[in-house]
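What follows is the residue order along each chain.
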Amino acid sequence: MPDRILAIETGIEPEYENALQEAARAAGWAVHRVQHIPFTDTFVTGDPNMGHPLPDGLIDNPNVWFHGSIQAAKVAQKATKWQVHAPWAQLRCSAYYPILGERILQRDHLFTTIAEIATNKDKLYASSLVEDETLFFRPDGNDKLFTGGCISLPEFDHGYSLMTFYEPPPTSKVVVARPQRIRSEARFLVVGGKVVTGSYYKTGGQTVRLEASSGLMRIADDMLAFCLAQGFNPSPSWVLDLAETKDGWSIIEVGATSCCGLYKCDMDKFIAALGTVL
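Owing to the predicted nature of the structure, the values given are computational and were not obtained by experimental measurement.

**Student:** When you look at the overall build of the protein in this model, what are you seeing that I'm missing?
**Tutor:** A tally of regular secondary structure across the protein gives 8 helices and 13 strands. Relative to a compact globule of 278 residues, whose C-alpha radius of gyration would be 19 Å, the protein shows 20 Å and is just as compact. By residue count, 49% of the 278 residues in the protein fall in the buried class. Here the contacts in the protein between residues at least 6 apart in sequence split such that 63% fall between residues at least 24 apart. Summed over its atoms, the accessible surface of the protein is roughly 13200 Å², and 50% of this surface lies on carbon and sulfur atoms. Placing the 25 positive and 32 negative side-chain charges of the protein at their respective mean positions leaves the two points 4 Å apart.

**Student:** Honestly, the nonpolar core in this entry has me stumped. Any pointers?
**Tutor:** Residues Phe43, Phe66, Trp82, Phe188, Leu240 and Ile251 are the most contacted members of the largest nonpolar core, which totals 48 residues. Counting residues per element, this core draws most heavily on helix α7 (residues 214-229), which supplies 7 residues. One finds Leu20, Trp65, Met267 and Ile271 within the second-largest nonpolar core, a separate group that totals 22 residues.

**Student:** How should I be thinking about the packing of aromatic side chains in this particular structure?
**Tutor:** Aromatic ring pairs are described here by two measures, namely the spacing of the ring centres and the angle between the planes. Counted by the stated rule, this structure contains 12 aromatic pairs. On the numbers, 6.0 Å between centres and 65° between planes, the contact of Phe43 with Phe66 is edge-to-face. Pair noted here: Phe43 is in strand β3 (residues 43-45) and Phe66 is in strand β4 (residues 64-67), with a separation of 23 residues, a long-range link. Residue classification places Phe43 among the buried positions, given a relative accessible area of 5%.

**Student:** I tried to follow helix α6 (residues 156-163) on my own but got confused; where do I start?
**Tutor:** Because the α-helix completes a turn every 3.6 residues, residues three or four places apart line up on one side. Residues Phe156, Gly159, Tyr160 and Met163 constitute the buried set of α6. Down the axis of α6, the sector holding all buried residues measures 95°, keeping them to one side. Set apart from the buried face of α6 by more than 90 degrees, the exposed residues are Asp157 and Leu162. Along its buried surface, α6 packs onto α4 (114-119), α5 (121-124), β6 (134-139) and β7 (149-152).

**Student:** Even after reading the chapter, I still don't get the pattern of salt bridges, so can you show me in this structure?
**Tutor:** Once the charged atoms of two side chains with opposite charge are near each other, the side chains can pair. Under the defined criterion, the tally for this structure stands at 12 salt bridges. Between Lys78 and Asp41 there is a salt bridge whose closest N-O contact spans 3.3 Å. Here Lys78 is found in helix α2 (residues 70-79), whereas its partner Asp41 is found in the loop between β2 (30-36) and β3, with 37 residues between them in sequence. Here Asp41 falls in the partly exposed class, since its relative accessible area comes to 42%. Two residues, Asp143 and Lys74, come together in a salt bridge whose shortest N-O distance is 2.6 Å.

**Student:** Is there a simple way to think about the sheet that holds strand β11 (residues 206-211) in this case?
**Tutor:** Working definition: the strands of a sheet are paired by backbone hydrogen bonds and lie parallel or antiparallel to each other. What the 5 strands build is an open sheet, ordered β11-β10-β9-β12-β13; its pairing is antiparallel. Looking along the sheet, the strands with just one partner apiece sit at the ends: β11 and β13 (248-255). On average, each strand axis in the sheet is tilted by 25° relative to the strand beside it, whichever way the strands run.

**Student:** What's the story with the pairing of strand β9 (residues 184-191) in this structure? I'm lost.
**Tutor:** On a regular strand, one side chain projects to one face of the sheet and the next to the other, so that they alternate. Most of β9 sits inside the fold, with 8 of its 8 residues counted as buried. Neither face of β9 is left uncovered, since the one carrying Ser184, Ala186, Phe188 and Val190 and the one carrying Glu185, Arg187, Leu189 and Val191 both have all their residues buried. The sheet contact formed by β9 and strand β10 (residues 194-203) spans 8 bridges and is antiparallel. Note on β10: the bridge partner recorded for Leu189 is Thr197. Across 8 bridges, β9 lies against strand β12 (residues 237-245) in antiparallel orientation. Following the sheet pairing, Glu185 is matched in β12 by Ala243.

**Student:** Is there a simple way to think about the sheet that holds β4 in this case?
**Tutor:** Strands sit in the order β3-β2-β1-β4 across an open sheet of 4 strands; the sheet is mixed. Of all the strands in the sheet, the pair left with one neighbour each is β3 and β4. Averaged over neighbouring strand pairs, the angle between their axes works out to 35° when direction is ignored. Across 3 bridges, the pairing between β2 and β3 is antiparallel. Bridged to Val34 within β3 is Thr45.

So, how was this worked out
Residues numbered from 1 in each chain as written. Predicted model: local features only at pLDDT ≥ 70, side-chain atom pairs only at ≥ 80, totals over all residues. Heavy atoms only, no water. Helix = DSSP H or I, 4+ residues; strand = E, 2+ residues; numbered from the N terminus. Rg over C-alpha atoms; globule rule 2.2 N^0.38 Å. Buried < 20%, exposed > 50% of the residue type's maximum accessible area, 1.4 Å probe, protein only. Contact = heavy atoms within 4.5 Å. Areas by Shrake-Rupley, 256 points an atom, 1.4 Å probe, with all protein chains shown as cover. Lys, Arg positive; Asp, Glu negative; His and termini not counted. Charge placed at Lys NZ, Arg CZ, Asp CG, Glu CD. Core = buried A, V, L, I, M, F, W, Y, C linked by side-chain atoms within 4.5 Å. Phe/Tyr/Trp six-rings, centres within 6.5 Å; stacked < 30°, edge-to-face > 60°. Arc of directions from axis to C-beta. Salt bridge = Lys/Arg side-chain N within 4 Å of Asp/Glu carboxyl O. Pairing = 2+ DSSP bridges. Axes fitted to C-alpha atoms, helices over the stretch in contact; angles between N-to-C directions.

See below:
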């Protein structure tokens, strides 16, 4: 059996899944498409022969690196010996904002809970964080209890209903921050303490898929150097998302490579780097 194995839950992010699998095979990895059975701790084979038991020994093989949905990644952490690069506790805003504070885009923020947002609405919208009757809300955790975004006071009821649509626990922690006017957003993959590849994913409010320029890679290198200087390197591989505003580039968030969009990142470089840390 090859020394490195990719277990990929397909159908989650189709735009890059084939490229990731091709890069893994080109590097000599074995590739297994897997499917998580909802509401269980079970994985089976994925397309094209969906629903069969996984090959003997795969579940207990520590040389497997997993990529797929957030829910499947959590199950894999619990029910397999696979390497799942998703250190949830360290990826909470409340964990890394105090460490990386001066470089965080939402550095003007406070923490509250889902329930307290409703009960303290008037107080929040009278706070110094408000810009044009609008606040930015995002979940504390990287496991995306809801999609972060701006909510204006006139649209609060609608925005709050979307925030609570999937009935997150009332005590779930939420970041409330000053809205920012973002020009561009880009994602970088950090492996072994180095930025190995990156991709723009939004520019001028529009979705784009464009590999990061050499100049932008240097900016990401500088941002990572700051993170490392603060002792922040939460996983053998992790995601560093940056945003450009009129004041320059800042950190939007950090995330998990095992369950993130890879956009136009260079898959060959990513797989080659992963092979050095598994």
